[in-house]
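Geometric and topological summary
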Amino acid sequence: MPGQTTVSVVPMLDISSSMTSAMGIVKIDAKAFVRSARPNDQLGVIAFGDTSSVIYPNPPGMVTVSPSLNETALAAQAIQGLTTQNMTNMGQAMQQANALIAAATGSVKAFVILSDGYWTVGPDPTPILGATPPIFVAGLGSIVNQGYFQAMLNKNANSKYYNAPNAYQMMTIFNDIRASPPDVAAASNALASYSGADYQLVPNVIAADTDEVQISVVWSDPNYYYTAGNPSGYAINVVLIDPTGHPSPVQPVVTDPGYAIFNLNTPQPGTWQTLVQYSVGSPVWGTAAGFEFDTQVTLNLEAPATLRAGEPLLAQARVLDEGEPVEGLSIRAHITRPAISVANALVRHAQALQTVIPDPEFLHEGHDEAIAQLRTYERQRPEGQILSQIPSMRALSPEADGSYSLSFPDTSEAGNYNVVLHVDGSNPKTGRSFSRTRRFSTLVI
């Protein structure tokens, strides 16, 4: 559409050996991410293990998405063919990403890197990364240390770090990255477990004057596929319910095993609901999201990248409509914090770890032997996870300047603190009703 913000993005995907158990879900999420690109966006996809390569396009370059979206299908096909390697050649991936982005013409440019570890072979990635464009780091796992990436993040104020302790949470990060351009907003970004024969309803409050909306549903098992009919066998049904409460005739523009993506042009303002119906033999994780483009309503965040253990986590949110603060809103925060830090877990399980032989894949990721032992022991023990997460909820407090503040005092354990903000509300000055959601990660050291 005229005036559309075009995005040039280079995803870099870690395919080292420690990604093996997560690779199935990561492939689904990365495919859904590239397939959500709109016409005139640009992309080039990199995968790195022992070596790094531009897996799409071939020959390497930035490809512009056409109205047919065929380029996104080819990128997804390349991602599907990935297999894991041993090491983590992050520096070579950065070199290739720099070459790709140099030819990009989008009005917004970004790097996205997904990794569960550290640079272990090839050149040091930190000096290779330039000041532009910003980089969005998606760290997978309970032991990924934001501090390792901090020098990269410091090069651009718009760069951002996220953490997903479990692979099934990764799509929520991709969705937040998708909502990072200044005129794009996430109306929803909801993670849920699909179990038995049941359904989920996820609301998206779409503001007036929004010309284009995209709604996606991504699930963690590629054996399940989208259907417009009854969700029997391995079929999952997704229907959009319009603000009048009736099923919309809109069908997805993209469907593949693992996801369905809908585009709505000039949608009726109000609450659109994403209805997901299923009958699954074992639990499947699903993420439903809604995006508004060329929006006037944004949810902006200021949050610390790092904190010392024991310091309160203080963050500030501001909802702007046409650049002006919206007051009188209710904003809630869902916070997950570590049940125990890595250092304390090593002390607590010291006796058991004495006989643990670390898996080579964890050593390949750059972890020292003690942490590699802990990760190996955690994988082997029948009791389950050691580095689990504790959830809690907080309401943000309104401030005199129209912002909203979050104060979370319980940061005694070091590790990644992941926060998701959600707001439903309206602006009496413009008459717009809306829902917005954003997330951030803070490393407590």
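So, a few notes on the structure that sits alongside this text. (Residues numbered from 1 in each chain as written. Predicted model: local features only at pLDDT ≥ 70, side-chain atom pairs only at ≥ 80, totals over all residues. Heavy atoms only, no water.)

For the protein chain, the helix and strand inventory stands at 10 helices and 25 strands. Here the C-alpha atoms of the protein chain give a radius of gyration of 21 Å, agreeing with the 22 Å that 2.2 N^0.38 yields for 445 residues. Each principal axis of the C-alpha distribution contributes one length, and for the protein chain these read about 65 × 55 × 50 Å. Counting over 445 residues, the protein chain shows a buried share of 57%. Within the protein chain, residue pairs in contact and separated by at least 24 positions form 75% of the contacts whose partners lie at least 6 positions apart. Per element, the accessible surface of the protein chain, about 17,500 Å² overall, is 51% carbon and sulfur. Taking the average place of the 22 positive charges on the side chains of the protein chain and the average place of its 36 negative ones, the gap between the two points comes to 2 Å. (Helix = DSSP H or I, 4+ residues; strand = E, 2+ residues; numbered from the N terminus. Rg over C-alpha atoms; globule rule 2.2 N^0.38 Å. Buried < 20%, exposed > 50% of the residue type's maximum accessible area, 1.4 Å probe, protein only. Contact = heavy atoms within 4.5 Å. Areas by Shrake-Rupley, 256 points an atom, 1.4 Å probe, with all protein chains shown as cover. Lys, Arg positive; Asp, Glu negative; His and termini not counted. Charge placed at Lys NZ, Arg CZ, Asp CG, Glu CD.)

Inspection of every chain in the model, using the stated rule, returns 9 aromatic pairs. Relative to Tyr148, the ring of Tyr118 has its centre 4.9 Å away and its plane inclined at 75°; by these criteria the two rings are edge-to-face. Of this pair, Tyr118 sits in the loop between strand 6 (108-115) and helix 4 (125-128) while Tyr148 is found in helix 5 (residues 146-153), placing the two residues 30 residues apart along the sequence. Judged by its relative accessible area of 17%, Tyr118 falls in the buried class. Each ring, one from Tyr226 and one from Phe262, has its centre 6.5 Å from the other, and the planes form 80°; the classification is edge-to-face. (Phe/Tyr/Trp six-rings, centres within 6.5 Å; stacked < 30°, edge-to-face > 60°.)

Here we take up the side chain of Asp221. Within the secondary structure, Asp221 is located in the loop between strand 10 (212-219) and strand 11 (225-227). No salt bridge is formed by the buried Asp221; its nearest oppositely charged neighbour, Lys31, is found at 11 Å. Separated by 2.9 Å, the side chain of Asp221 and the backbone nitrogen of Asn223 make a polar contact. If near-sequence neighbours (up to four positions away) are discounted, Asp221 is found in contact with Ile28 and Val284. (Salt bridge = Lys/Arg side-chain N within 4 Å of Asp/Glu carboxyl O. Polar contact = N/O pair within 3.5 Å; in protein donor to acceptor, adjacent residues only side chain to side chain.)

Right, let's get into the packing of helix 1 (residues 23-35) against helix 6 (residues 170-178). It is the contact of helix 1 with helix 6, at a shortest axis distance of 9 Å, that shows an interaxial angle of 20°. As far as their axial angle goes, helix 6 and helix 1 are roughly parallel. Note on packing geometry: the crossing formed by helix 1 with helix 6 is right-handed. Across from Asp29, Ala30, Ala32 and Phe33 in helix 1, the residues of helix 6 making contact are Met170, Met171, Phe174, Ile177 and Arg178. (Axes fitted to C-alpha atoms, helices over the stretch in contact; angles between N-to-C directions. Parallel < 35°, antiparallel > 145°, perpendicular 65-115°, else oblique. Left-handed = near helix turned anticlockwise from the far one by under 90°.)

A few words now on the environment of Pro267. Assignment of secondary structure puts Pro267 in the loop between strand 14 (259-265) and strand 15 (270-293). The exposure class of Pro267 is buried, given its relative accessible area of 10%. Pro267 sits 85 residues away from Ala352 along the chain, and the two C-alpha atoms are 58 Å apart. Excluding residues that lie within four positions of it along the chain, Pro267 makes contacts with Ile206, Thr210, Asp211, Glu212, Val213 and Trp272.

Attention now goes to helix 1. The terminal C-alpha atoms of helix 1, which comprises 13 residues, lie 18 Å apart, in line with the 18 Å expected from a rise of 1.5 Å per residue. Along helix 1, the residues classified as buried are Met23, Ile25, Val26, Lys27, Ile28, Asp29, Ala30, Lys31, Ala32, Phe33, Val34 and Arg35. (Expected span 1.5 Å × (residues − 1).)

Distances and angles like these do not, on their own, reveal function.
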